[in-house]
Amino acid sequence: MRIKCRRLVGGYAEGYSLVSPEPISFFGGVDPSTGLVIDRLNPIRGESISGRILVFPGGKGSTVGSYILYRLAKHGLAPKAMICLEADPVVAVGAVLAGIPLLDKPEYYIFKTGMYLRVYGDEGLVEIVS
Amino acid sequence: MYLSSYEERILKGEYGYAKQKAMEILVALGDLYGAEKLIPISSAQIAGVSYTSIGDEGLEWLESLMDGQVEVLSTLNPAGMDLDRWRDMGIPIDYASKQIRIIEAYSRLGALPVCTCTPYLSGNLPTYGCHIAWAESSAVVFANSVLKAKTNREGGPSALAAAIVGRTPLYGLHLDENRISNVSIRIEIDLTDTWEYSVLGFWIGRTLKMDDVPFIEGLKTYDTDRFKAIGASMASISSMSIFNADVLGDSRPESCEKLSFDRSILMDTIETLPDTSMDKGCVDIVCLGCPHLSLWELKVIANLLRGRRVRKDVNLWLFTSRAVYSVAEKCGIVSEIESVGGKVYRDACPALAPLSSIGYKVMVTDSLKMWFYGRHLAGLETIFSPTIDCIYVASR
């Protein structure tokens, strides 16, 4: 199944999804040296965002979050792509700094953790493979 | 968002890595906010300067942009220390060396190492109606409201990106229809001290919704410092970035929600702040200069200190920009303050300085913005008090 989204940062990625039910503050919510979610209030606390297609409602919190995404990418710990219900400037700028595809406003928000996704950043499309 | 052929070429990398990355940021934000196109800007104010706020990851990012140059007048937000007198502030050397590397990275990009939250008092003064890309929320409010320049509230990377490209996406407060007031606030009290203006701004920020544009009616002041105080506290507690006012030449909106601000609201607002009473025994630092002190504010403080001496167990730290400092020094104001034990620091924001790791615990300030960030960023106990009381706690 292919889902149309809004393209914010281009590029291609494929991999397994990790869905966060809560908005993410990358500053204080994700450990930049491990890629693990450390936000106590997020049910996916303890999961690694590294190498996953990270699906979440949007960003929140400090603008320093953009730099955290950059640092994760430098250490090979960033998500492969990000899909938001509605992105915010911290996440959008962070995706550019980190060089990872970012889409938002999907036609259908039906993602579950563990789906295999192909993200076509330039076309604004996500394919659910399995 | 529409891009010209020149902008397209920047995006493809024909003008180097830094410009390409900067353009990618502007395009992502332009698409996010539904901007129609990019517009030229006449100046930038760049946040993300203190080592406390950007850390090693921000420094790495800046150092990756070394083939870039800013296209417009660009000034910087405050650092975590006075760039010359950091030893005197007790800043550890490893912090200082990182902080200096950050300033060097910005300088190589062509930004002026004027580190201040009051760029408009320090050589970056936009004119009426021009488009700018400013971060630093208090300066954003001042620029939009008092100077009538047009800026959104930029973050560090987006202001830097706009500076490097010389353009910003056309959305938000760059569009006149988003600058029209929808709520009027009638001031039914004679506000005297600057700290009362700080309370007014705080109350507006707390009471109104984030996309409201207030019209302030009945202010009896034309004083730059007081507008500076309103904007700083308003923006510290909300994302509001503009107010209009009759004394600033704005016309009253025809129909809108009406509120009033009177003495009881002023007192209630102060009473709801925790820890505004002073136990002089435990205060270890008094910080004034949020936003950075103007020449006149420094002069008033020097006058208040006449015939007094700063107590041995309390530090009195005043913060201003390098530009204002130079003039104050020539006028003899700095030596007047320092001869009785006060310190005048440049470039720095105490809320971003590593004060709690140096060992400070309780700060008194006359700024609600400093009060707010001192608690939330610097991890200090903070007490909000009128300027004169701050001076009297620190000296005898």
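Residue numbers here run from 1 along each chain, matching the order of that chain's written sequence. Lettering of chains starts at A and numbering of ligands starts at 1, both following the order in which they are written. Where local features are concerned, this predicted model is filtered to residues with pLDDT of at least 70; where side-chain atom pairs are given and counted, the filter is 80 or more; whole-chain, interface and lining totals use all residues.

Draft legend 1. Expanded view of the overall build of chain B. The secondary structure listing takes helices from DSSP runs of H or I that are at least 4 residues long and strands from runs of E that are at least 2 residues long, numbered from the N terminus. Each helix and strand counted, chain B has 16 helices and 14 strands in total. For 396 residues, the compact-globule estimate of 2.2 N^0.38 gives 21 Å, and the C-alpha radius of gyration of chain B, at 21 Å, lies within 12% of that figure. Taking the principal axes of its C-alpha atoms as reference, chain B extends roughly 65 × 55 × 35 Å. In chain B, which comprises 396 residues, the share counted as buried stands at 53%. Here the radius of gyration uses the C-alpha set of atoms, whereas the globule reference equals 2.2 Å times the residue count to the power 0.38. The exposure scheme places C-beta atoms from the backbone and then counts, for each residue, the other C-beta atoms within 10 Å of its own, assigning buried at 20 or more, exposed at 12 or fewer, and partly exposed in between.

Draft legend 2. View of the overall build of chain A. When you go through chain A residue by residue, the secondary structure sums to 3 helices and 8 strands. Across chain A, helices and strands are ordered from the amino to the carboxyl terminus as β-β-β-α-β-α-β-α-β-β-β. Over its C-alpha atoms chain A spans a radius of gyration of 13 Å, differing by no more than 12% from the 14 Å that the globule rule assigns to 130 residues. When its C-alpha atoms are laid out on the principal axes, chain A stretches across 35 × 25 × 25 Å. Counting over 130 residues, chain A shows a buried share of 48%.

Draft legend 3. Inspection of the domain arrangement of chain B at higher detail. Residue and element names in this part refer to chain B. The domain boundaries assigned to chain B delineate domain 1 (5-176), domain 2 (180-271) and domain 3 (285-394). An automatic or database domain assignment supplies the residue ranges for each domain. Relative placement of domain 1 and domain 3: their C-alpha centres are 26 Å apart. Contact definition: two residues whose C-beta atoms, as placed from backbone geometry, lie within 7 Å. Between domain 1 and domain 3, the residue contacts involve 23 residues of the former and 17 residues of the latter.

Draft legend 4. View of the sheet that holds strand β7 (residues 116-120) of chain A. Residue and element names in this part refer to chain A. Any two strands between which DSSP finds at least two bridges are classified as paired. Spatially, 8 strands are ordered β1-β8-β7-β3-β4-β5-β6-β2 in an open sheet, and the strand pairing comes out mixed. Of all the strands in the sheet, the pair left with one neighbour each is β1 (2-4) and β2 (6-9). The sheet shows a mean angle of 30° between the axes of neighbouring strands, direction not considered. When strand β5 (residues 81-84) meets strand β6 (residues 102-104), the two strands line up parallel, connected through 3 bridges. Bridging from a neighbouring strand, isoleucine 83 pairs with leucine 103 of β6. Fitting a line to C-alpha atoms yields each axis, with helices limited to the stretch in contact; the angle taken between N-to-C directions then spans 0 to 180 degrees.

Draft legend 5. Representation of the sheet that holds strand β14 (residues 381-384) of chain B within the structure. All names here are of chain B. The strand order β12-β11-β10-β13-β14 describes an open sheet built from 5 strands, whose pairing is parallel. Since the sheet does not close on itself, it has two edges, and those belong to β12 (343-346) and β14, each with one partner. The average undirected angle you get between the axes of adjacent strands in this sheet is 30°. In this structure, strand β13 (residues 362-365) lies alongside β14, joined through 4 bridges in parallel fashion. Bridge pairing in β14 links valine 362 to glutamate 381.

Draft legend 6. Representation of the packing of helix α8 (residues 194-207) of chain B against helix α10 (residues 263-271) of chain B. Residues and elements named next belong to chain B. Interaxial distance between α8 and α10 falls to 10 Å at its minimum, and their mutual angle equals 85°. Between α8 and α10, the crossing angle belongs to the class labelled roughly perpendicular. Contacts between α8 and α10 involve Glu196, Val199, Phe202 and Trp203 on the former and, on the latter, Ile265, Leu266, Thr269 and Ile270. Counted by class, the contact of α8 with α10 contains 6 nonpolar, 1 polar and 1 charged residues. Any angle that falls under 35 degrees is termed roughly parallel, while one over 145 is termed roughly antiparallel, one within 65 to 115 roughly perpendicular, and all others oblique. We call Asp, Glu, Lys and Arg charged. Ala, Val, Leu, Ile, Met, Phe, Trp, Tyr, Cys and Pro are nonpolar, and the rest, Gly among them, are polar.

Draft legend 7. Just helix α11 (residues 295-304) of chain B, in detail. All names here are of chain B. Residues Glu297, Leu298, Ile301 and Ala302 constitute the buried set of α11. All buried residues of α11 lie within an arc of 140° about the axis, which places them on one face of the element. Each element contacted by the buried residues of α11 is listed here: α9 (224-237), β10 (285-293), β11 (315-320), α12 (322-330), α13 (333-338) and α16 (387-394). By definition, the arc is the one covered by directions from the helix axis to the C-beta atoms.

Draft legend 8. Local environment of the confidence of the model for chain B. Per-chain confidence: chain B averages 94 in pLDDT, with 98% of residues scoring 70 or above. Scored by ipTM, the complex comes to 0.80, with pTM at 0.91. pLDDT is defined as a per-residue confidence score from the predictor, taking values between 0 and 100.

Draft legend 9. How the structure looks around the nonpolar core. In this description, a nonpolar core means buried residues of the types Ala, Val, Leu, Ile, Met, Phe, Trp, Tyr and Cys, linked to one another by C-beta atoms lying within 7 Å. If you look at the biggest cluster of nonpolar residues, it comprises 172 residues, and the most contacted ones within it are Ala92 and Ala95 of chain A together with Ala28, Ala44, Ile46, Ala163 and Leu318 of chain B. Take this core: its biggest share by element is 9 residues, from helix α2 (residues 17-32) of chain B. In this view, alanine 28 of chain B contacts Leu8, Val9, Ala92, Val93, Ala95 and Val96 of chain A; residues no more than four positions away in its chain are not counted.

Draft legend 10. How the structure looks around the pairing of β13 of chain B. All names here are of chain B. Sheet topology note: the β10/β13 ladder contains 3 bridges and is parallel. Its bridge partner lying in β13, isoleucine 285 is registered against methionine 363. Consider the strands pointing away from the viewer: the crossover is right-handed when the path from the first strand over the helix to the second runs clockwise. Read from β13 through helix α15 (residues 368-376) to β14, the crossover connection turns out right-handed.

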